[in-house]
Amino acid sequence: MQVVNPSGVRMEGSEGAGKTGATHERIRKLAAGNAVVVFTTSGCCMCHVVKQLLFGLGVGPTIVELDHDEAGQEIHAILRSLSRGDGRQQAVPAVFVAGKYLGGIETVMACHINGTLVPLLKDSGALWL
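Described below are features of the structure shown in this document.

Calculation notes
- Residues numbered from 1 in each chain as written.
- Predicted model: local features only at pLDDT ≥ 70, side-chain atom pairs only at ≥ 80, totals over all residues.
- Heavy atoms only, no water.
- Helix = DSSP H or I, 4+ residues; strand = E, 2+ residues; numbered from the N terminus.
- Buried < 20%, exposed > 50% of the residue type's maximum accessible area, 1.4 Å probe, protein only.
- Contact = heavy atoms within 4.5 Å.
- Areas by Shrake-Rupley, 256 points an atom, 1.4 Å probe, with all protein chains shown as cover.
- Pairing = 2+ DSSP bridges.
- Right-handed = clockwise from strand over helix to strand, strands pointing away.

**Looking at the overall build of the protein chain**
Helix and strand counts for the protein chain stand at five helices and five strands. Counting across all 129 residues of the protein chain, residues that qualify as buried make up 39%. Pairs at least 24 residues apart make up 60% of the contacts formed inside the protein chain by residues separated by at least 6 positions. Counting only carbon and sulfur atoms, one obtains 54% of the accessible surface of the protein chain, whose full area is about 7000 Å².

Quick look at the structure:
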């Protein structure tokens, strides 16, 4: 497991659109550079469920805890806009696999139940089984 330290990634830009653009770029780089990335908040029970499911499958995701990240509010706002597609999902947990947004708890659990999660994780390089 890798937890991204807020001081480990330096943010470029200033307030407003520049900061949002830098935040988008940070999310993109994290997703592209890691097989699985999970954006969470430390007190979220559904975030815990997603992390435990992935750990149980043998995946070591990169975890970004938004309440411990200096850009957490900006990232949360971007994730909220991504999760609006189906109208039911919360912004966190937000799971990216192979550089693409998979979804939140409902999507991850649906993929697990219908048998598509493990092949997706294998294709991304997160599992070697």
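**Focus on the pairing of strand β2 (residues 36–40)**
Counting buried residues along β2, five of its five residues qualify, which places the element largely inside the surrounding structure. Alternating positions in β2 separate into two faces, Val36, Val38 and Thr40 on one and Val37 and Phe39 on the other, with burial throughout. Of the pairings in the sheet, the one linking β2 to strand β3 (residues 62–65) comprises four bridges and is parallel in character. By the bridge assignment for β3, Val37 is matched with Thr62. Following the chain from β2 across helix α2 (residues 45–57) to the adjacent parallel β3, one finds a crossover that is right-handed.

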